[in-house]
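Report on the structure
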Amino acid sequence: MSSSQSLENLSSQTSGSLPPAASPRPSSEQRRGSVSLTALQNHQTDRDSFETNLGWRRITGSSTSHLSLSSGMASMSSVGGSTSSICPAHFEVQGSIQFAVNYIQKSGEFHIFVVHCRDLAVADNKKNSSDPYVKCYLLPDKTKLGKRKTAVKNKTLNPTYNEILRYNIIMGGLKTQSLNMSVWHNNTFGRNSFLGEVDLDLSEWDFSNTHINEYALKARVSAQSPASLPWQQADSRGQMRVALRFLPQTSHRKRTSRMETGEVQIWVKDCKNLPPVRGVIIDPFVKCTVLPDTSQKISQKTRVVKRTANPMFNHTMVYDGFRPEDLREACVEITVWDHDRLNNHHIGGLRLGLGTGKSYGTEVLWMDSTPEEADVWQRMLQCDGEWVEDVLSLRKLVMAKSMSK
């Protein structure tokens, strides 16, 4: 069926106050055809403890969803979701896929119009045919909730779908993502077989292009360059800009003695490129705890910033009662979360400390700062009263509360 015929079928079926300044520290991918997608533009219908008593006190800090596409080609070998979808092909990937994309401003929906596949590889040798379907993700989200699929077309190497796959997502979020379109053979009694894929980098996509284009299917590449796509960097968890300082103080607890203590100030400035959760842009907030104390009383939080992958917090958290020697035994755990009424979702975090693996002579799993995190903490120790700032990559953390003591 031609692209224009597919479009006619679709038309007949559808109608539509800040802390002081811190010290700085479509490509030409085998497109073969192009047809105006008027029907897709107009289609806007609804769818489918380690706890200690070290004398630290909390001082209240002061504050002074959804997906995307692009024309870049970069295969994702890990996209597949369920175990049944992961299986190396025993044949050469061949053929092409026709689809179009469109963003509906009025409804805030991203539409993928899957039209047709041509000359697919034979996956069932007995029948000399395949039972293909198309699956898509808005990367970096690879959860089941972020997956969209067409119907299975049985016994054909040239399936026609004429289906629209939809995502609710704001345009800003869409432009931070990549669209992965893959074709699979449905095997009722075994693992599904991979028939080829196409990746579009939506950060560069021209959303005025609503034509049906045809792309050659590609085999998966076993390894990708870390810089090939934005969402493949830093473990896909984004970055945080944070500044620290230690302010020494002298407290007079007795007439004859003086105790040198101070306060640690943690200035969470902003985050960049946070990944979506459950297929939507997140509502992020930051939580901070000073270890080894994991009690709720020592935990502080920023406000929730709605629907953004690049939240600005400008929030300072302050902990006092630190002796200079405590700074070599403690660790600041800063974590980023997606706010949810029922259950918040962990995005990533940092652990700022010396990373020695020990605290007050006891081996602990949470004293595991990376070299970059440890460097920031070390610089803070060397610069009393001075802000030390850096941009650090967020990583997945096992919360200290859940670690075995």
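What counts, and at which threshold
Residues numbered from 1 in each chain as written. Predicted model: local features only at pLDDT ≥ 70, side-chain atom pairs only at ≥ 80, totals over all residues. Heavy atoms only, no water. Helix = DSSP H or I, 4+ residues; strand = E, 2+ residues; numbered from the N terminus. Buried < 20%, exposed > 50% of the residue type's maximum accessible area, 1.4 Å probe, protein only. Areas by Shrake-Rupley, 256 points an atom, 1.4 Å probe, with all protein chains shown as cover. Pairing = 2+ DSSP bridges. Contact = heavy atoms within 4.5 Å. Axes fitted to C-alpha atoms, helices over the stretch in contact; angles between N-to-C directions. Core = buried A, V, L, I, M, F, W, Y, C linked by side-chain atoms within 4.5 Å. Phe/Tyr/Trp six-rings, centres within 6.5 Å; stacked < 30°, edge-to-face > 60°.

**Description of the overall build of the protein**
In terms of helices and strands, the protein carries four helices and 20 strands. With 405 residues in all, the protein has 52% of them scored as buried. Entry remark: accessible area of the protein is about 18800 Å², with carbon and sulfur atoms responsible for 47%.

**Some words on the pairing of strand S5 (residues 132-139)**
Burial of S5 is extensive: eight of the eight residues sit out of reach of the surface. Of the two faces of S5, the one lined by Pro132, Val134, Cys136 and Leu138 and the one lined by Tyr133, Lys135, Tyr137 and Leu139 are each fully buried. For S5 and strand S8 (residues 178-185), the ladder comprises eight bridges, and the chain directions are antiparallel. Directly across from lysine 135, in S8, lies its bridge partner serine 182.

**A closer look at the pairing of strand S13 (residues 284-291)**
Buried residues dominate S13, accounting for seven of its eight residues. Where S13 lies against strand S16 (residues 331-338), eight bridges are found, and the strand directions are antiparallel. Counted as the bridge partner of lysine 287 is threonine 335 from S16.

**Let's talk about the sheet that holds S13**
Taken in spatial order, the four strands of this open sheet run S14-S13-S16-S17, and their pairing is antiparallel. Looking at the sheet topology across the chains shown, the edges are occupied by strand S14 (300-301) and strand S17 (345-352). Judged from the two bridges that link them, S13 and S14 form a sheet pairing that is antiparallel. Residue pairing in the sheet places cysteine 288 in a bridge with glutamine 300 of S14. Docked against the sheet, helix H4 (residues 371-382) engages S16 and S17, running at close to 50° with respect to S17.

**A word on the environment of valine 286**
With respect to the helices and strands, the residue valine 286 is situated in strand S13. For the pair valine 286 and threonine 302, spaced 16 residues apart in sequence, the C-alpha to C-alpha distance is 5.3 Å. Once residues lying within four places of it in the same chain are set aside, the contact partners of valine 286 are Met240, Val268, Gln300, Lys301, Thr302, Phe313, Met317, Ile334, Thr335 and Val336.

**Concerning the nonpolar core**
Met240, Ile266, Ile334 and Trp377 are the most contacted members of the largest nonpolar core, which totals 36 residues. The set of elements that each furnish at least two residues to this core consists of strand S11 (239-254), strand S12 (257-272), S13, strand S15 (312-322), S16, S17, H4 and strand S20 (388-393). Non-local contacts of isoleucine 266, meaning those with residues more than four positions away in its chain, are made with Val242, Ala243, Leu244, Cys288, His315, Thr316, Met317, Tyr319, Val332 and Ile334.

**Focus on the packing of aromatic side chains**
Under the counting rule described, the total for this entry stands at four aromatic pairs. With a centroid separation of 5.0 Å and 25° between ring planes, the pair formed by phenylalanine 99 and tyrosine 215 is classed as stacked. In this pair, phenylalanine 99 sits in strand S3 (residues 96-104) while tyrosine 215 sits in strand S10 (residues 212-216), placing the two residues 116 residues apart along the sequence. In terms of burial, phenylalanine 99 and tyrosine 215 fall into one category: buried. Judged by centre distance (5.4 Å) and plane angle (70°), the rings of tryptophan 184 and phenylalanine 194 are edge-to-face. Of this pair, tryptophan 184 sits in strand S8 while phenylalanine 194 sits in strand S9 (residues 193-201), and the two are 10 residues apart along the sequence.

**Some points on the sheet that holds S9**
Taken in spatial order, the four strands line up as S6-S5-S8-S9 in an open sheet, and their pairing is antiparallel. Where the open sheet ends on each side, the last strands, each with one partner, are strand S6 (147-149) and S9. Ignoring which end each strand starts from, the neighbouring axes of this sheet average 20° apart.

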